[in-house]
Amino acid sequence: MTSVEVTSAEEPEVEGFAGTLFMAAIATMELANVELGVRLGLYETLWQRGPQTSGELADATGTVERYVREWLEQQAVAGVLEVDDPTQEPQTRIFSLPNPHAHVLLDDDSEACMKPCAAVASFVAKSVDIMTEEFRRGTGVPFGAFGVHDLQAAFTRPVFRHHLVQNWLPALPDVQAKLTAGQPVRIADIGCGAGIAALTIADAYPQARVDGFDLDEASIRTAEDAAERQGLTERVHFEVQDAGDPTIPGGYDLVMAIEMIHDVPDPVSVLHTMRTLAGTDGAVLVVDERTDDAFNVVGSELERFFYSFSTLHCLAVSMQSEGAGTGTVLRADLLRDYARRAGFSAVNVLDVEHPQFRLYRMS
């Protein structure tokens, strides 16, 4: 057991830091309770059916009233739900989900949707076990071991729905001109994940053909199912394929990699393949985290978010096969170095504002 003596002058800092961690513990457990509400359909039912008692909500969701009652009270104390009269008997209290909160919890396409943040609670529990061993071993961890493909897709879905066609593609004038003119356009989505970006483009532009490549089989299955549901299988093709494979046939008008370069063990090979696939006339677009330009201990909230994901997931994925070990915090200068080594002569940051992502065009 370790004993750490502190001076009287240090006591306020001790109390402040202890309080910070205590509040973090509360926040973590409250996130876990939000995830329970999502998984059990409690929010969805409250929104669809309106204010309900614990018994009514339990009956409607096939759950046990006593658990639901405790959850409803916890949600009210946490400020998520409203209760009409707290002085009523527990089983007669009526709880409701305010409209703004419903928007944040249920609208998957909204940029304000925080449902993926709730899912972080279960991800962290699994990741801590994985990373405890990985910190000692240092051999890297496959992306699929974390089981986060649904979580990652949920985080990026609103971004693709609101920005990809609206202002990201227009930032590539040559590609956009072909798309708006109705010309046939071939696009390669490297590290396509669940395929939301590829399907969003294909849905917006009927003449676009998109090939998505990813090593994660679960993500590709999800993408193929989505393409089937949307009736886009003739123009969108997904394949389990190493993004650094130089044998992928080229001739694409656009080759893009969105939020994946920081994850791959060999980013230089992936970028080299992207350059080859684009040939002399195609465009190469890399979208990755909008990190600070340099390390700073007074980091922004996003920088804290990036670093937390890096130690719990992204760094380990990029460490496989004695990989580059990039991690989530991929700064612009390091990406430029990777691009130079891959054969690109220029990396231009596009004039597109987004709080989380930065767009790079490589040539």
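Keep in mind the model is a prediction, meaning the values are calculated, not measured.

S.K.: Just checking my understanding: could you explain helix α13 (residues 332–341) for this structure?
M.R.: Those residues of α13 that sit buried are Ala 332, Leu 335, Tyr 338 and Ala 339. Angular distribution of buried residues about the axis of α13 spans 120°; they occupy a single face of the element. Turned more than 90 degrees away from the buried face of α13 sit Asp 333 and Arg 340, all of them exposed. Against α11 (267–278), β7 (283–289), β8 (347–349) and β9 (357–362) lie the buried residues of α13. Directly after α13, the chain includes Gly 343, whose backbone phi takes a positive value near 105°.

S.K.: Mind showing me how you'd approach helix α4 (residues 65–77) here?
M.R.: Residue pairs spaced three or four apart in an α-helix point in one direction, given the helix's 3.6 residues per turn. When the terminal C-alpha atoms of α4 are compared, their 18 Å separation across 13 residues agrees well with the 18 Å that a helix rising 1.5 Å per residue should span. The inward-facing, buried residues of α4 abut α1 (11–39), α2 (42–49), α3 (54–61) and β2 (95–96).

S.K.: For this particular structure, what's the right way to read the sheet that holds β9?
M.R.: Backbone-to-backbone hydrogen bonds pair the strands of a sheet. The strands run either parallel or antiparallel. Spatially, the seven strands line up as an open sheet ordered β5-β4-β3-β6-β7-β9-β8, and their pairing is mixed. Every other strand in the sheet has two partners, leaving β5 (236–240) and β8 as the edge strands with one partner each. Adjacent strand axes in the sheet meet at a mean angle of 20° when their direction is disregarded. Sheet topology places strand β6 (residues 254–258) next to β7; five bridges connect them, and they run parallel. Bridged to Met 256 within β7 is Leu 285.

S.K.: Even after reading the chapter, I still don't get the side chain of Gln 75, so can you show me in this structure?
M.R.: Looking at the element boundaries, Gln 75 is found in helix α4. Residue classification places Gln 75 among the buried positions, given a relative accessible area of 1%. Residues in contact with Gln 75, not counting those within four places in the same chain, are Asn 33, Val 34, Tyr 43, Val 80 and Leu 81.

S.K.: Sorry if this is basic, but what is going on with the pairing of strand β4 (residues 208–214) here?
M.R.: Looking down a regular strand, the side chains alternate between one sheet face and the other. By the criterion of burial, β4 is predominantly enclosed, with six of the seven residues buried. The sheet contact formed by strand β3 (residues 185–190) and β4 spans six bridges and is parallel. Within β4, the residue paired with Ile 190 across the bridge is Phe 213. Where the polypeptide runs from β3 across helix α9 (residues 196–204) and back to β4, its parallel neighbour, the crossover connection is right-handed. One ladder, built from five bridges, connects β4 with β5; its direction is parallel. Residue pairing for β5: Asp 211 is matched across the bridge by His 237. Taken together, β4, helix α10 (residues 217–229) and β5 constitute a β-α-β crossover, and its handedness is right-handed.

About the thresholds
- Residues numbered from 1 in each chain as written.
- Predicted model: local features only at pLDDT ≥ 70, side-chain atom pairs only at ≥ 80, totals over all residues.
- Heavy atoms only, no water.
- Buried < 20%, exposed > 50% of the residue type's maximum accessible area, 1.4 Å probe, protein only.
- Helix = DSSP H or I, 4+ residues; strand = E, 2+ residues; numbered from the N terminus.
- Arc of directions from axis to C-beta.
- Contact = heavy atoms within 4.5 Å.
- Expected span 1.5 Å × (residues − 1).
- Pairing = 2+ DSSP bridges.
- Axes fitted to C-alpha atoms, helices over the stretch in contact; angles between N-to-C directions.
- Right-handed = clockwise from strand over helix to strand, strands pointing away.

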